[in-house]
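Tertiary structure, described
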Amino acid sequence: MLPRSGDVIQVTKAASVQFAAPMLFRVIRVHDWPTYEGWIWLDGYELNTAGDAVERRSIFVQVSGLRAVGKAPDPRMRNGRQPGMVSGTVPTRARTNR
């Protein structure tokens, strides 16, 4: 499974020994840099248990050790807003003839 931008993955020791404690990671970019067979460089954000980004990171991992968790949550849905909906009225000034 090659991750794509926006994917949330779990990175564990199976991906690289540096991840002895599992980490959730939201992918920003998959680099096309030449590496060893089966390894990739990823840019993204380490996520906390609530799904919030806590640190931007670049990581070097084995593709076979990554586990897909899902797509990144849409922040507009998390805070109750939906695209295209107006949240309130916009006050306008009354025109006066002078």
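Residue positions are given per chain, counting from 1 as you read along its sequence in written order. With pLDDT at 70 or above as the cut-off, local features in this predicted model cover only qualifying residues; side-chain atom pairs require 80 or more to be listed or tallied, and sums for whole chains, interfaces and linings still use all residues. Heavy atoms from the whole structure form the basis of all side-chain values; hydrogens and water molecules are not counted.

Moving on, we get to the pattern of salt bridges. By salt bridge we mean one thing: a side-chain nitrogen of Lys or Arg within 4 Å of a carboxyl oxygen of Asp or Glu. Overall, the coordinates contain two salt bridges when judged by the stated rule. Between E46 and R57 there is a salt bridge, and its shortest N-O distance comes to 3.1 Å. Here E46 is found in strand β3 (residues 39-47), whereas its partner R57 is found in strand β4 (residues 53-62), with eleven residues between them in sequence. What counts as a helix is a DSSP run of H or I of at least four residues, what counts as a strand is a run of E of at least two, and both are numbered from the N terminus.

Working definition: a ring pair exists when centres of Phe, Tyr or Trp rings (six-membered ring for Trp) sit within 6.5 Å. Plane angles under 30 degrees give stacked, over 60 give edge-to-face, the rest tilted. Evaluated as defined, the whole model comprises three aromatic pairs. In this structure an aromatic cluster arises from ring pairing among W33, W39, W41 and F60.

I9, V11, F25, L42, I59, V61 and L66 are the most contacted members of the largest nonpolar core, which has 13 residues in total. Of all the secondary structure elements, the ones that give two or more residues to this core are β1 (7-11), β2 (23-30), β3 and β4. Broken down by element, this core gets its largest block of residues, three residues, from β2. Contact partners of L66, with chain neighbours within four places excluded, come to M1, P3, I9, Q10, V11, A15, I40, L42 and V61. As used here, the term nonpolar core means buried Ala, Val, Leu, Ile, Met, Phe, Trp, Tyr and Cys residues forming a set that is joined through side-chain atoms within 4.5 Å. Throughout, exposure labels follow a simple rule: accessible area from a 1.4 Å probe, protein chains only, divided by the maximum for the residue type, with under 20% read as buried, over 50% as exposed, and the rest as partly exposed. Here, residues are in contact when the closest pair of their heavy atoms is within 4.5 Å.

At least two DSSP bridges between two strands are needed for those strands to be called paired. Relative to β4, β3 is paired through nine bridges, and the arrangement is antiparallel. Within the sheet, the bridge partner assigned to D43 lies in β4 and is S58. Here β3 folds back onto β4 in antiparallel fashion, the turn holding five residues, of which G51 has a positive phi close to 90 degrees.

Take the confidence of the model for the protein chain next. The share of residues in the protein chain with pLDDT of 70 or more is 72%, and the mean pLDDT across the chain is 84. You can read pLDDT as the predictor saying how much it trusts each residue, on a scale of 0 to 100. Mean pLDDT across the elements of the protein chain bottoms out in helix α1 (residues 75-78) (59) and peaks in β3 (97).

Turning our eyes to something else, we now look at the environment of I59. As for its position among the elements, I59 is in strand β4. Of the residues examined, I59 reaches a relative accessible area of 2% and is grouped as buried. C-alpha separation for the pair I59 and F25, spaced 34 residues apart in sequence, amounts to 9.7 Å.

Moving on: the pairing of β2. In this structure, β1 lies alongside β2, joined through four bridges in antiparallel fashion. Looking at the pairing, I9 lines up with F25 of β2. Across six bridges, β2 lies against β3 in antiparallel orientation. Looking across to β3, one finds that L24 is bridged to L47.

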